[in-house]
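Chain by chain, the residues run as shown.
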Amino acid sequence: MCLAVPGKVIECRGDEALVELQGNRMRVSTHLTPGAAIGDWLLIHAGFAIARLEEREALETWDYLSQAFDGEWLAEFGSEAGKRYESPPNSGL
Amino acid sequence: MRPLTGDDWRSELQDLAVRIGRRVNLMEVCGTHTVALFRTGLRDLLPANVRMISGPGCPVCVTAQRHIDAAIRLAGLPGVILATYGDMLRVPGRLGSLESQRASGATVRVVQSARGAVQLARDHPDRQVVFLAVGFETTAPATAVALLEAQREGLRNFGVLVCHKLVVPAMEALLADADHCIDGFLCPGHVSVIIGADAYRPIVRRHRRPCVIAGFESGDMARAIAALLRQVHDGRAALENLYPAVVSSRGNRAAQRLLAEVFEPADGPWRALGDIPRSTLALRPRFQRFDAMQRFALRLGRDDDHPACRCGEVIMGRVEPDACPLFANGCDPLRPVGPCMVSGEGTCAAWFKYGGRARPTQPAAHGATPERVGPGVRP
Ligand code: SF4
């Protein structure tokens with residue numbers, strides 16, 4: 001459960017960002033990556049961005065994750081994230 | 001710097017392994033590495049005398065039974081919603097599992113994030129929400145943020161059962177065992193993002209064991225294993241960071257500040273490893289009102305692990321899963337007896353799913369041998 005996957009920021013508000021993970025959108029906290037901006041790539045774990053990374057690294061990470069894990073973990077990570085992440089009230093995201 | 005590909009790294013690994021000429025035991029500390037080593041096939045391509053041991057790096061596997069039992073008891077209290085990461089649902093305790101507790105009427109909700117648990121508390125002001133906070137340094141900052149949020153909003157119905165663990169003290173505890181057989185560590189990628197590469201310096205300095213941080217791509221892991229073998233061959237113990245794209249020397253300072261604000265290190269229990277000094281996180285006094293055990297006046301019980309389950313030895317790298325009499329013979333992913341079989345990242349589950357490579361003998365125990373890792377050590 002220590003897996004972290006890269007996502008690209010498409011919207012930012014306060015300590016939250018909306019990121020895209022291979023077609024899935026997910027709201028994440030940016031408390032640990034202050035200053036994250038639209039277009040940044042973030043490494044995401046348990047609903048939190050834990051680091052910034054370069055696009056090249058992010059794309060390579062997606063590559064090997066989908067190869068080595070048949071997309072299995074990604075599907076779970078992305079779709080569950082989309083379905084089950086409880087969104088904060090009144091967050092305009 | 002992308003890694004060598006295909007035959008290049010294989011021949012380099014073979015060459016190093018031949019030159020070392022004895023069994024080498026390398027521990028991958030992180031459960032994600034365990035699975036990645038199997039799934040990429042790398043585990044099977046390693047030279048015969050190089051053995052990867054899965055360490056105590058699966059948060060599910062190392063959560064003490066008494067904590068699982070406490071979570072089950074909390075979930076059974078009237079008015080309580082127990083919020084947990086999905087991985088914990090099926091971990092067997094003495095009193096069943098959270099899943100069985102849910103089947104008998106308890107409210108157990110799966111959340112993807114600690115903040116999801118806070119949201120449950122906001123949404124259900126008439127209920128008490130208890131978050132089962134497991135995980136290593138990668139996951140603990142999220143709990144810290146959740147607690148700060150709950151405190152800021154004055155939430156009175158949010159509590160936490162804190163089971164967070166620290167990776168480096170556990171590695172040190174393994175090395176303190178006179179019988180350990182570890183020649184070097186493949187250090188976890190994502191924990192290191194938070195704690196920083198420098199966190200492993202004590203392992204290198206004090207315990208004279210090579211530490212190499214790597215990502216999860218097969219080439220990255222192969223390069224890291226080659227780096228470890230090179231150090232073993234040269235009798236060196238150094239720290240190498242082969243995942244600099246996301247791991248810095250000092251780690252994620254924002255996360256470290258949050259952890260320090262909310263938690264302090266404390267002695268605590270690991271599944272089958274017993275109490276390890278300063279290896280867990282405890283709430284600082286000003287957050288103790290969120291301590292679920294205090295709030296419900298519960299005390300942690302005692303562990304009562306299945307007598308035949310060898311999870312402890314598996315986690316320490318002393319035996320491989322098939323040495324356990326219950327492996328695939330009473331314990332499997334559908335009916336796990338020990339936690340190593342529950343989590344997809346657990347060593348027993350990975351062996352069950354991907355099949356472990358047969359080994360001629362049990363690992364030979366050998367402690368630190370000063371002549372091997374001698375004065376030439378450059379931490
Ligand atoms: S096979 Fe099952 S009982 Fe045996 S060590 Fe692994 S988890 Fe424990």
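Look above for the structure.
Right, let's walk through the structure included here. For clarity, every value in this text was computed on a predicted model and none was experimentally measured.

Residues in contact with the ligand, as listed here, are C309, R310, C311, C324, L326, F327, C331, V337, G338, C340, M341 and C348 of chain B. Residues that form the shell around the ligand fall into these classes: 10 nonpolar, 1 polar and 1 charged.

Attention now moves to the packing of aromatic side chains. Residues and elements named next belong to chain B. On inspection of all chains with the given rule, the structure shows 6 aromatic pairs over all chains. Between F38 and Y354, the aromatic rings sit 5.6 Å apart at their centres with planes inclined by 25 degrees, giving stacked as the arrangement. Linking F38 in helix α2 (residues 31-39) with Y354 in helix α16 (residues 347-354), this pair joins segments that are 316 residues apart in sequence. One Lys or Arg, K165, reaches over the ring of W270 and ends 5.8 Å from the middle of that ring.

Core analysis: the largest hydrophobic core is formed by 137 residues, its most contacted members being F131, F158, F185 and Y200 of chain B. In this view, Y200 of chain B contacts V168, M171, C187, P188, V191, S192, I195, C211, I213 and L239 of chain B; residues no more than four positions away in its chain are not counted.

Close approach of charged atoms allows side chains with opposite charge to pair. Residues and elements named next belong to chain A. Inspection of the entire model under this criterion finds 26 salt bridges over all chains. Across the salt bridge formed by R56 and E60, the nearest N and O atoms sit 3.5 Å from each other. Residue R56 and its partner E60 are located together in helix α1 (residues 55-68), separated by 4 residues, close to a single helical turn. R56 gets classed as exposed once you look at its relative accessible area, which sits at 52%. Accessibility expressed as a relative area gives 21% for E60, which makes it partly exposed.

All names here are of chain B. Note that H180 resides in the loop between α9 (167-176) and β7 (184-187). The class for H180 is buried, based on a relative accessible area of 9%. From its side chain, H180 meets the backbone nitrogen of I182 in a polar contact 3.0 Å long.

What counts, and at which threshold
Residues numbered from 1 in each chain as written. Chains lettered and ligands numbered in written order. Predicted model: local features only at pLDDT ≥ 70, side-chain atom pairs only at ≥ 80, totals over all residues. Heavy atoms only, no water. Near = heavy atom within 4 Å. Nonpolar A, V, L, I, M, F, W, Y, C, P; charged D, E, K, R; others polar. Phe/Tyr/Trp six-rings, centres within 6.5 Å; stacked < 30°, edge-to-face > 60°. Helix = DSSP H or I, 4+ residues; strand = E, 2+ residues; numbered from the N terminus. Lys NZ or Arg CZ within 6 Å of the ring centre and 35° of its normal. Core = buried A, V, L, I, M, F, W, Y, C linked by side-chain atoms within 4.5 Å. Buried < 20%, exposed > 50% of the residue type's maximum accessible area, 1.4 Å probe, protein only. Contact = heavy atoms within 4.5 Å. Salt bridge = Lys/Arg side-chain N within 4 Å of Asp/Glu carboxyl O. Polar contact = N/O pair within 3.5 Å; in protein donor to acceptor, adjacent residues only side chain to side chain.

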